[in-house]
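The lines below spell out each chain.
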Amino acid sequence: MLGTVAGGVCGLASSAPCAEEKCKGLATAGDFDVVVVGGSCTGVFAALKAAEAGAKVALVEMSGGFGGTATQGLVPVWHSLHSTDGKKQIIGGLTDWVEEELIRRGEAKREHPTNPAVGTYLNVAGLQLLLDEMVVKAKSVTPFLHTRLAAAECDRTGHVSAAIVADKAGLRRLRGKFFIDATGDADLCRYANLGTWKLPKDEMQAHTVCAILSGADGLRRKHPKFGFGEITKPEYGAKLEHVFGWEAPVVGAKGLTFLAYTRVSSCDPSLPEDLTRAELEGRAQLRRIVDAVNRAFPMPEGERLSVVTVSPHVGLRESCHIEGLYRLTTEDLLYGRRFDDVIAKGSYRVDIHEGAGITFRYLNGREERQIVKSDGSSEWEVGRWRKETEGLPTWYEIPYRSIVPKGAENVLAPGRALDCARDAYGASRVMVNCNQMGEAAGRAAANALKKGLKAAEAYVA
């Protein structure tokens, strides 16, 4: 079991010989005000905001680049920054700035603000380069790439004193006064024995290995019947157990298509064996999809559907959640409850990747469900989850309390590890919402250090 014991024993697996001995004499990689674990946009934005407020920050990322699901998962969409009616911009900050900068560079394109599925298409390579620039420019942020969290060290219950990381130098200690767990899987919180919880595997959101392909435009011109949704049907031989997927253009790269048509269900990515299965199974599904397309819709050699790149990390939707000071409920979200400690606003619909299909619920009361029949075909059921009435909300809010782990003195967990009910999570987990949570965590961490506050007291409006 991973975890820590107050008094300094680090959170190495108890099955490892002499876990406490392994922590003795570790080199210290640095002493910081704030240690951010996880270099997704959530983590990067947290680090930048803490640094902006004067903190010395370490930013730890296990891969070779920042951006998380957007860059390492290749997912090129940030959802609308506006209320569902398009009348009010509800999201600003670094999310808005990054979009504007990518648009200026010709690497992003905004859709209509009331589009329920898309806000802005991003060139994810352009995003990765921009995030690099932002981190390097912030002189008080020290980046640690190719660096994985291995354990946590506590000097008392609820108070983390160091993150033990593994990199090319071996195990090293990053000391900090405040910690932000932006791992998405609540890794730091779990290792520090702060309370966490998980849904059963079969209730977790499914995961997707994404890819960028060439040749789809030519296929559409020659074969009007071609569509990736068509390939999910049993007769095409892709051997998929699901029917839902989506695709998007690659901004600035004419002729390339982003594809998210794989799905790995009943998978808990906080377990190493499940994470491995997700990567391998997702890529195997991608192979079968491409082969099925090329069998069913023949094209001359050189014009066939081809894989240009596969995401270096499976796109994860859900794993472990913190036990926070408040669990955001489905009613809070769908009825647009307002919070005094609001840290994020959103308008993206609830989407639940369940079984073979998907369910969408909208703030206006509309519901859409993709139902898969026994023969593998599917149909959409359209109805309402609530009666039509006046005064329906056009955005929802996420409170600070949902990213504060119970019992934590100096730890916050912004992003998809927030404490959130299952259906509400289907909307709150998307990147534009996690981005805002990251900014709020960075500001709160700096505020806590400046004023000598505990995590629960450090909210900055």
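Residues numbered from 1 in each chain as written. Predicted model: local features only at pLDDT ≥ 70, side-chain atom pairs only at ≥ 80, totals over all residues. Heavy atoms only, no water.

Focus on the pairing of strand S19 (residues 366-372)
The following threshold applies: Any two strands between which DSSP finds at least two bridges are classified as paired. For the purposes of this entry, the term helix denotes a DSSP run of H or I that reaches at least four residues, the term strand denotes a run of E that reaches at least two, and both are numbered from the N terminus.
In this sheet, S19 lies alongside strand S18 (residues 357-361) in antiparallel orientation, the contact comprising three bridges. Following the sheet pairing, Thr359 is matched in S19 by Arg369. Between S18 and the antiparallel strand that follows it, S19, lie four residues; Gly365 among them carries a positive phi value of about 95°. As paired elements, S19 and strand S20 (residues 378-384) share seven bridges and run antiparallel to each other. Bridge pairing in S20 links Arg366 to Arg384. Linkage of S19 to S20, two consecutive antiparallel strands, is achieved through a turn of five residues, within which Gly376 is found at a positive phi near 95°.

Some words on the packing of aromatic side chains
Spelled out, the test is: Here the aromatic set is Phe, Tyr and Trp, taking the six-membered ring for Trp, and pairing holds for ring centres within 6.5 Å; pairs whose planes are under 30 degrees apart are stacked, those over 60 apart are edge-to-face, and all others are tilted. Per-residue accessibility, obtained with a 1.4 Å probe over protein chains only, is compared with the maximum for each type, and a residue is labelled buried under 20%, exposed over 50%, and partly exposed between these values. In this scheme, Lys NZ or Arg CZ marks a charge over a ring once it lies within 6 Å of the ring centre and within 35 degrees of the ring normal.
One pass over the structure, following the stated rule, counts 12 aromatic pairs. Arranged with centres 5.1 Å apart and planes meeting at 70°, the rings of Phe226 and Phe228 form a pair that is edge-to-face. Arranged with centres 6.0 Å apart and planes meeting at 20°, the rings of Tyr236 and Phe297 form a pair that is stacked. Here Phe297 lies in the loop between helix H8 (272-296) and strand S14 (306-310) and Tyr236 lies in the loop between helix H7 (228-231) and strand S12 (246-249), a separation of 61 residues in the sequence. For the pair formed by Tyr236 and Phe297, the shared burial category is buried. Taken together, Phe226, Phe228, Tyr236, Tyr261 and Phe297 form an aromatic cluster joined through their ring pairs. One Lys or Arg, Lys56, reaches over the ring of Phe32 and ends 5.3 Å from the middle of that ring. In this structure, Arg327 packs its charged tip against the face of Trp197, placed 4.3 Å from the ring centre.

Examining the nonpolar core
The following threshold applies: Buried Ala, Val, Leu, Ile, Met, Phe, Trp, Tyr and Cys residues that are joined via side-chain atoms within 4.5 Å together make up what is termed a nonpolar core. In what follows, a contact means two residues having at least one pair of non-hydrogen atoms within 4.5 Å.
Ranked by internal contacts, the top residues of the largest apolar core, which has 83 residues, are Val34, Phe45, Val57, Trp78, Leu127 and Leu412. The element that contributes the greatest number of residues to this core is helix H11 (residues 431-451), accounting for nine residues. Here Val57 is in contact with Phe32, Val34, Val36, Ala47, Ala50, Ala51, Ser140, Val141 and Thr142, once residues within four sequence places are set aside. Residues Val160, Cys189, Ala192 and Val411 belong to the second largest nonpolar core, which totals 26 residues.

Quick notes on the layout of surface pockets
For the record, the criterion: For cavity detection a 1 Å grid was placed over the protein atoms alone, and a set of points counts as a cavity when a 1.4 Å probe fits there but cannot get out; an open set counts as a pocket when protein lies on both sides within 12 Å along at least five of seven lines, with lining residues being those that have an atom within 4 Å of a point. Grid points are joined across faces, edges and corners, and a volume is the space filled by probe spheres set on the points. Here the term charged refers only to Asp, Glu, Lys and Arg, the term nonpolar to Ala, Val, Leu, Ile, Met, Phe, Trp, Tyr, Cys and Pro, and the term polar to all other amino acids, Gly among them.
Estimated volume of the second largest pocket: approximately 310 Å³. If you trace the second largest pocket, you find 18 residues lining it, with Thr84, Thr114, Pro116, Ser347 and Tyr362 closest to the centre. Tallied by class, the residues present in the lining of the second largest pocket amount to six nonpolar, 10 polar and two charged.

Structural notes on unusual backbone geometry
Glycine aside, residues mostly have negative phi, and peptide bonds are mostly found in the trans state. The phi angle at Ala186 is positive, at roughly 60°, despite the residue not being glycine. With respect to the element layout, Ala186 can be found in the loop between strand S9 (170-181) and helix H5 (187-191). Overall, Ala186 belongs to the buried group, its relative accessible area being 0%. Backbone geometry at Lys239 places phi at a positive 55°, although glycine is not the residue there. Relative to the helices and strands, Lys239 resides in the loop between H7 and S12. A relative accessible area of 69% means that Lys239 is categorised as exposed.

Observations regarding the packing of helix H2 (residues 41-52) against H11
Geometrically, a packed helix pair is captured by the angle between its two axes and the distance between the axes. For the record, the criterion: To obtain an axis, a line is fitted to C-alpha atoms, over the contacting stretch when the element is a helix, and the angle between two such axes runs from 0 to 180 degrees between their N-to-C directions. Comment on the angle field: the value is read as roughly parallel under 35 degrees, roughly antiparallel over 145, roughly perpendicular from 65 to 115, and oblique elsewhere. Helix crossings are classified by the rotation of the near helix relative to the far one: an anticlockwise turn of less than a right angle makes the crossing left-handed, while a clockwise turn makes it right-handed.
Axis separation between H2 and H11 bottoms out at 7 Å; the angle between their running directions is 30°. Classified by the angle their axes make, H2 and H11 are roughly parallel. Viewed along their axes, H2 and H11 form a crossing whose handedness is right-handed. Together, Cys41, Thr42, Phe45, Ala46, Lys49 and Ala50 of H2 and Cys434, Asn435, Gly438, Glu439, Gly442, Arg443 and Ala446 of H11 make up the contact between the two elements. Split into classes, the residues belonging to the contact of H2 with H11 amount to six nonpolar, four polar and three charged.

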